[in-house]
Amino acid sequence: MTTPGRRAPAITGATRLYAVLGDPVTQVKAPGMLNAMFDAHGHPGVLVPVHVDAAGLPAVMAGLRAIRNLDGILVTVPHKADVLRFADHLSATVEVSGTANALRREPDGTWSADNFDGSGFVAGLRAAGHRVSGRTVSIVGAGGAGSAIAVAVLDAGAARVWVSDVDPVRLDRLLRRLDGGWPGRTAGSPAPRLADADVAVNATPLGMRATDPLPLDPSALRAGTVVVDIVMQPPETALLRAARTRGHPVQPGLPMLRHQLDSYRRFFRIGAGPAAEM
């Protein structure tokens, strides 16, 4: 089914292929948004979702890399760290965060990886009137998106970033990398630290299902704390509803993706105008 008012892409022998990998994958919004971007710029590309679990990722990546008319790959949960082993060139953001959400085939056949989750996150907050410079940010989840968000908010001037994760090894590795770039401004723990947060972020998959527990307790936040949930589907998670009920300003996940579109356009070398014009 196509979006009303937008034509279906014409599939020909010249079509360039793109894939978004995830497990699950039904929640992804990128196909609709990037296919509209391709259409707006006259690019003969089509992005399709590919459902693959961790065990199947190596075989799927080998197959995708062998497809000569496949130009790019987007990556969502839970593969943002694992895909790095399939990339030949890493951006500075990927080096620090240890995760990627986009891979591009280069003219020589090698693959470059970058991560735009963090820059999209910060841009989305700014567009909604929320700043991170000089503020304390508490991030729940040190996985793919959480790692990139931590890098971006520090780069944007956050005074303090607290990261929590139930995986102590993953958390320790991230904190070591962050401290190398921003010494003394990061800390972490297994449980969220919320009492002094100006911005509290759910960067875990919790909230995709109605049966999921809340990733953080809104009652532990001080008045005025901005609550952000990067889960895309449902648009309003149980966390956002609970936080809104308590009077907190809230931010859903979709703006983070919308504000990555122009980065994707440049990364995949498509068109000339800003994708945000769509």
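Sequence order as written defines the numbering, with residues in each chain counted from 1. Under the rules for a predicted model, residues below a pLDDT of 70 receive no local features and side-chain atom pairs below 80 are neither given nor counted, while totals for whole chains, interfaces and linings still include all residues. To get the side-chain values, take all heavy atoms of the structure and skip hydrogens and water.

Asker: Please give an account of the packing of helix α4 (residues 117–127) against helix α5 (residues 144–155) that cites residues and values.
Answerer: Axis angle and axis distance: for two packed helices, these are the angle between their axes and the distance between the axes, and together they describe the pair. Geometry is summarised by axes, namely lines fitted to C-alpha atoms with helices restricted to the contacting stretch, and by angles between N-to-C directions that run from 0 to 180 degrees. Put simply, DSSP H or I for four residues or longer makes a helix, DSSP E for two residues or longer makes a strand, and each gets a number counted from the N terminus. Closest axis-to-axis distance for the α4/α5 pair is 7 Å, and the angle between their directions is 60 degrees. Compared by their axis directions, α4 and α5 come out oblique. For α4 against α5, the interelement crossing comes out right-handed. Across the interface between the two elements, Asp117, Gly118, Ser119, Phe121 and Val122 of α4 pack against Ala145, Ala148, Ile149, Ala152 and Val153 of α5. Looking at the contact of α4 with α5 residue by residue, the class counts come to seven nonpolar, two polar and one charged. In this scheme, roughly parallel covers angles under 35 degrees and roughly antiparallel covers those over 145, while 65 to 115 is roughly perpendicular and the rest are oblique. Crossings are sorted by hand: turned counterclockwise from the far helix by less than a right angle, the near helix makes the crossing left-handed, and turned clockwise it makes it right-handed. When checking whether two residues touch, look at their non-hydrogen atoms; a contact exists if any pair is within 4.5 Å. Think of it as three bins: nonpolar holds Ala, Val, Leu, Ile, Met, Phe, Trp, Tyr, Cys and Pro, charged holds Asp, Glu, Lys and Arg, and polar takes everything else, Gly as well.

Asker: Account for the layout of surface pockets, with residues named and values stated.
Answerer: Approximately 1000 Å³ is the volume attributed to the largest pocket. Mapped by element, the contributors of at least two residues to the lining of the largest pocket are β3 (70–75), α5, α6 (168–181) and α8 (254–258). Looking at the lining of the largest pocket residue by residue, the class counts come to 28 nonpolar, 14 polar and eight charged. Computed over the protein atoms alone on a 1 Å grid, cavities are sets of points where a 1.4 Å probe fits but cannot get out and pockets are open sets with protein on both sides within 12 Å along at least five of seven lines; a residue lines them when it has an atom within 4 Å of a point. Grid points are joined across faces, edges and corners, and a volume is the space filled by probe spheres set on the points.

Asker: Break down the environment of Asn35 for me, citing the residues and quoting the values.
Answerer: Looking at the element boundaries, Asn35 is found in helix α1 (residues 30–40). The buried label goes to any residue with under 20% of its type's maximum accessible area, the exposed label to any with over 50%, and the partly exposed label to all in between, with areas taken from a 1.4 Å probe on protein chains only. Taking relative accessible area as the criterion, Asn35 reaches 12% and is therefore assigned buried. Counting along the chain gives 13 residues from Asn35 to Val48, while the straight-line C-alpha distance between them is 8.9 Å.

Asker: Before we move on, can you summarise the side chain of Gln260 with the specific residues and values?
Answerer: Position of Gln260 among the secondary structure elements: in the loop between α8 and α9 (261–267). Judged by its relative accessible area of 1%, Gln260 is buried. Looking at Gln260, its side chain comes within polar contact range of the main-chain oxygen of Met256, at 3.2 Å. When near neighbours in sequence (up to four residues on either side) are disregarded, Gln260 contacts Asn101, Phe116, Asp117 and Gly120. Two N or O atoms form a polar contact when they lie within 3.5 Å of each other; inside protein one atom must be a possible hydrogen donor and the other a possible acceptor, and for residues adjacent in sequence the pair counts only when both atoms belong to side chains.

Asker: I'd like a description of the pattern of salt bridges, backed by residues and values.
Answerer: Only one rule defines a salt bridge in this text: a Lys or Arg side-chain nitrogen within 4 Å of an Asp or Glu carboxyl oxygen. Following the criterion strictly, the structure yields 12 salt bridges and no others. Where Glu106 meets Arg269, a salt bridge forms, and the shortest distance between an N and an O atom there is 3.1 Å. Taken as a pair, Glu106 in the loop between β5 (102–105) and β6 (111–114) and Arg269 in the segment after α9 lie far apart in primary sequence, 163 residues in all. You can call Glu106 buried: its relative accessible area is 11%. Two residues, Asp262 and Arg265, come together in a salt bridge whose shortest N-O distance is 2.8 Å. With a gap of three residues between them, Asp262 and Arg265 both fall in helix α9, about one helical turn apart. Exposure class is identical for Asp262 and Arg265. Each is buried. Members of the salt-bridge network, linked through shared partners, are Arg104, Glu106 and Arg269.

Asker: Please set out α1 residue by residue, giving values where relevant.
Answerer: With eight of its 11 residues buried, α1 lies for the most part within the structure. Residues Ala30, Pro31, Met33, Leu34, Asn35, Ala36, Met37 and Phe38 constitute the buried set of α1. Check the buried side of α1 and you find it contacts β1 (16–22), β2 (45–51), β3, α8 and α9.

Asker: Please give an account of unusual backbone geometry that cites residues and values.
Answerer: In this model, Asp23 is joined to Pro24 through a cis peptide bond whose omega is 10 degrees. Inspection of the secondary structure assignment puts Pro24 in the loop between β1 and α1. The residue after Val77, namely Pro78, is reached through a cis peptide bond having omega 5 degrees. Looking at where Pro78 falls in the secondary structure, it is placed in the loop between β3 and β4 (89–90). Located in the positive-phi region is Arg269, a residue other than glycine, with phi close to 60 degrees.

Asker: Requested: an account of the pairing of strand β11 (residues 226–229), with residues and values cited.
Answerer: Residues Val226 and Val228 point to one face of β11 and Val227 and Asp229 to the other, with burial holding for every one of them. Pairing of strand β10 (residues 199–202) with β11, which is carried by four bridges, proceeds in the parallel orientation. Residue pairing in the sheet places Val201 in a bridge with Val228 of β11. Strand pairing is defined by DSSP finding a minimum of two bridges between the two strands. Strand direction decides the pairing type here: β11 and strand β12 (residues 250–251), joined by two bridges, are parallel.

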